[in-house]
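# A structural walkthrough
If you want the building blocks of each chain, they are given just below.
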Amino acid sequence: MPSQRTVYEPHASVVKNSHVPSLAHYEEMHKKSLEKPEEFWGEIAKQFYWETPIDHKNFFRYNFDITKGPIFTKWMDGATTNVSYNLLDRNVRNGNGEKIAFYWEGNHPDDYSRLTYKRLLEEVSRFANVLKSRGVQKGDRVAVYMPMILEAVVTILACARIGAIHSLVFAGFSADSFSERILDCRAKVLVTSDGAWRGEKLLQLKAICDQAMSKCAQKGHNVETCVVVSHLARVTSPSGTPYKSNKTPMTDGRDIYWQDVVPQASTSCYPEWMEAEDPLFMLYTSGSTGKPKGVLHTTGGYMIYAATTFKYVFDYRPSDVYWCTADIGWITGHTYVVYGPLANGATSVLYEGTPFYPDNDRFWVVVDKYKVNQFYTAPTAIRALMKFEDDLVTRHDLSSLRVLGSVGEPINPEAWMWYYKLVGHERCSIVDTFWQTETGGHVLTPLPGATPMKPGAASFPFFGVQPVILDEAGKEVKGEGEGYLVFARPWPSLMRSLYNDHDRYETTYFTKFPGYYCTGDGAKRDADGYLWVTGRVDDMLNVSGHLMSTAEVESILTEHPSLAEAAVVAKPHPVKGECLYCFITTTEHGVFDDKLIKELKQIVRERIGPFAQPDVIQNAPALPKTRSGKIMRRILRKIAVNDRDVGDISTLADAMVVEQLFATRPKNA
Ligand code: 6R9
């Protein structure tokens, strides 16, 4: 395996014509972005349409220091614009109306379609008019629970057009998780589809929405309108037998089919001019207390940052075909399936299915089919695919590829090398992009033509970003070293608040180290100045790129009547990155057996989603605790990996507990 010193230079064919052709160019641009942010971002903002022009004297203000007052960030405050106008009308006016915005590739290879910028604008306007006719106004929340279909993109942009705040929830979350999120933002409208196929699995999305809406109704919140895309009847099912759409239950007065209302709506809808600091969307992310956080992004800053990162990080050129495999329900889908590519007038692939259907080479089939130039996926997918024969990759023509992206979790050097060699033929640049729902766009990343690559290093900050490493005492670690990854100032797309909870925003991200935005991740800087993200430093787990908190899982487990206590830790997993390892203590009457294990796994699936199902559940008659009663997770993590080097246990109330847990690790652990 390559060491931290192994460096791969960008290939000459990538450097040629690259937007940033050398490290020196990058350094110069980065320096300017920090020293003259108004000038740097002002130039970029000029490429967009502003209904009320930007006041350059009031371009950028912020406070990151909680000891000096409330935390805030404002970019281009007072200017007005509309994001959907800039993504659609502006591109159509620039002569790109007939350009393909999306190639849609269905779960089944027989299903595909395409949409031009002009048609996308018409569809967006139509749906925006439908939303308005159902009473949706500027500032209202629209919950979205959708598969990867074109209507999902249309919904997002229709909200942006009328100033409604979209709140997408990944359509893999359970009805419980979804209802909690609908309630928190009090969504007026919900948009979904009857269902979708993922591989050979049928997802009954409308049925999950019905459960979620009835849970909301029990708590006094009624969703007024539910728009349902009739999707199943128009696609090929894995067995070939057509799906009968009348199986989907509809509630009179509340539920309407997309196909019954959208086609007759007008194709023109005047955009709502939004202030740069008006909300554009919210997106929930897990919080360490267990309650999800509604991360709030605003209009102007998010738009210019999504556009700029897309252009430089993927080294995008107008004739390129780009493909990001992320689901639209995650931040990667928001910024790099929808907003970033469309802001650049790009052509993208939108793929509905999985990497494994109908065969384990589907990704490479699609790259070849559309001659994809930039391909962006997650380490967990790469690790799953590298288990198969090389031939699955090598039998396809992947010569169109120029940039390969990775996102969601640290990429291990072995997966990086496989990606680089087998998929990229040692010709493509790999961009290991570190960012978060909260950051809105990439914050640490190599640039394709500029950055010599080190496998597994997120490398250097993007323009406008100033990373700092701090030690436990809050002192800056200069040069080589390791510590907390924080940022010393905001870039345009940093989240502005948590929906309806600015206090929690300040405590979660700005209190531990006054003056800095705290990511919750650790990082180290090597001798060459490269940054390596080492993973979460808080009680968060990253399972296949899905973040969740240990507290969230523990509180669900302990609701089971047989459980007295539960402690959950992350255990490294060869494909998922991390998996859940749960220690449970039963009550006096509870019996630890296979039935209980099955029930607990099922509860977690139902309450959070299938991706959260625990891999290991261990019986723990007692948990290692400090004398003050705090569970020592550090020790549990050691037990999970069977590493007896547990370090200092002098603070433990009862050291025997540790020995006992090591001795009784389950067979599948
Ligand atoms: C974009 C996204 C954010 C957390 C983040 C970190 C981990 C994401 C990473 C990475 C190392 C990378 N993470 N990208 N860690 N290298 N390239 O994934 O957002 O779902 O909010 O997750 O994911 O731990 O803090 P989100």
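Cut-offs used in this document
- Residues numbered from 1 in each chain as written.
- Predicted model: local features only at pLDDT ≥ 70, side-chain atom pairs only at ≥ 80, totals over all residues.
- Heavy atoms only, no water.
- UniProt positions renumbered as here; feature names shortened; annotations may be inferred.
- Pairing = 2+ DSSP bridges.
- Helix = DSSP H or I, 4+ residues; strand = E, 2+ residues; numbered from the N terminus.
- Axes fitted to C-alpha atoms, helices over the stretch in contact; angles between N-to-C directions.
- Near = heavy atom within 4 Å.
- Polar contact = N/O pair within 3.5 Å; in protein donor to acceptor, adjacent residues only side chain to side chain.
- Areas by Shrake-Rupley, 256 points an atom, 1.4 Å probe, with all protein chains shown as cover.
- Nonpolar A, V, L, I, M, F, W, Y, C, P; charged D, E, K, R; others polar.
- Buried < 20%, exposed > 50% of the residue type's maximum accessible area, 1.4 Å probe, protein only.
- Contact = heavy atoms within 4.5 Å.
- Core = buried A, V, L, I, M, F, W, Y, C linked by side-chain atoms within 4.5 Å.
- Phe/Tyr/Trp six-rings, centres within 6.5 Å; stacked < 30°, edge-to-face > 60°.

In the annotation of an unreviewed UniProt entry, the entry for the protein reads Acetyl-coenzyme A synthetase, and the organism field reads Phaedon cochleariae. What UniProt states about the protein under its Sequence similarities (unreviewed entry) heading is, verbatim, "Belongs to the ATP-dependent AMP-binding enzyme family."

Time to look at the sheet that holds strand E29 (residues 577–586). Spatially, the three strands line up as an open sheet ordered E28-E29-E30, and their pairing is mixed. Two strands in the sheet have a free side with no partner beyond their single neighbour: strand E28 (563–573) and strand E30 (616–619). Recorded for the sheet is a direction-independent mean angle of 25° between the axes of neighbouring strands. Of the pairings in the sheet, the one linking E28 to E29 comprises 10 bridges and is antiparallel in character. Bridge assignment links Ala 567 to a residue of E29, and that residue is Phe 583.

Turning our eyes to something else, we now look at unusual backbone geometry. Note that the residue after Tyr 357, namely Pro 358, is joined by a cis bond; omega there is -5°. Residue placement: Pro 358 occurs in the loop between strand E17 (347–351) and helix H12 (362–370). Backbone geometry places Asp 315, a non-glycine residue, at a positive phi of 45°. Relative to the assigned elements, Asp 315 resides in the loop between helix H10 (299–313) and strand E16 (321–324).

The next thing to look at is the site of the ligand. Around the ligand, the surrounding shell holds 17 residues, and the nearest of these are Asp 432, Thr 433, Thr 437, Asp 521 and Arg 536. In this structure, Thr 437 approaches the ligand through a side-chain N or O atom, which is 2.6 Å from an oxygen atom. For the ligand, the protein covers 96% of the area, taking 530 Å² as the surface of the free molecule. Going through the elements one at a time, helix H11 (331–343), strand E20 (429–433) and strand E25 (531–536) are the ones with two or more residues in the shell around the ligand. Counted by class, the shell around the ligand contains seven nonpolar, six polar and four charged residues.

Attention now moves to the environment of Leu 115. Topologically, Leu 115 is positioned in strand E5 (residues 112–116). Overall, the relative accessible area of 5% leaves Leu 115 in the buried class. Setting aside chain neighbours within four positions, we find Leu 115 in contact with Lys 99, Ile 100, Ala 101, Phe 102, Leu 120 and Leu 150.

Here the focus is the environment of Phe 310. For Phe 310, the position within the fold is in helix H10. Given the relative accessible area of 0%, Phe 310 is considered buried. When the C-alpha positions of Phe 310 and Glu 151 are compared, they lie 22 Å apart, and in sequence the two are 159 residues distant. Ignoring anything within four residues of it in the chain, the contact list for Phe 310 reads Asp 315, Tyr 316, Tyr 322, Tyr 336, Gly 340, Pro 341, Asn 344 and Ala 346.

The next point concerns the nonpolar core. Ranked by size, the top nonpolar core spans 124 residues in total, and within it Leu 120, Leu 157 and Tyr 339 carry the most contacts. Top contributing element to this core by residue count: helix H6 (residues 150–162), with 10 residues. Discounting residues that sit within four places of it in the chain, Tyr 339 has contacts with Val 83, Leu 87, Ile 156, Leu 157, Ala 160, His 166, Leu 280, Phe 281, Tyr 302, Ala 306 and His 334. If you look at the next biggest cluster of nonpolar residues, it comprises 49 residues, including Tyr 145, Ala 212, Leu 563 and Ala 570.

Attention now goes to the side chain of His 221. Structurally, His 221 can be placed in the loop between helix H8 (205–218) and strand E11 (225–229). Within the structure, His 221 has its side chain in polar contact with the backbone oxygen of Ala 187 (distance 2.7 Å). Sequence-distant contacts of His 221, that is, excluding residues within four places in its chain, are made with Ile 182, Leu 183, Arg 186, Ala 187 and Cys 216.

Throughout the structure, instances matching the rule amount to 60 aromatic pairs. Ring geometry for Tyr 8 and Trp 416: centres 5.4 Å apart, planes at 40°, overall tilted. Taken together, the positions of Tyr 8 in the segment before helix H1 (12–15) and Trp 416 in helix H15 (residues 413–423) put the pair 408 residues apart, joining distant regions of the chain. Of the two residues examined, Tyr 8 and Trp 416, each falls in the buried class. Judged by centre distance (5.4 Å) and plane angle (80°), the rings of Tyr 62 and Phe 64 are edge-to-face. For Phe 64, a relative accessible area of 3% gives the class buried.

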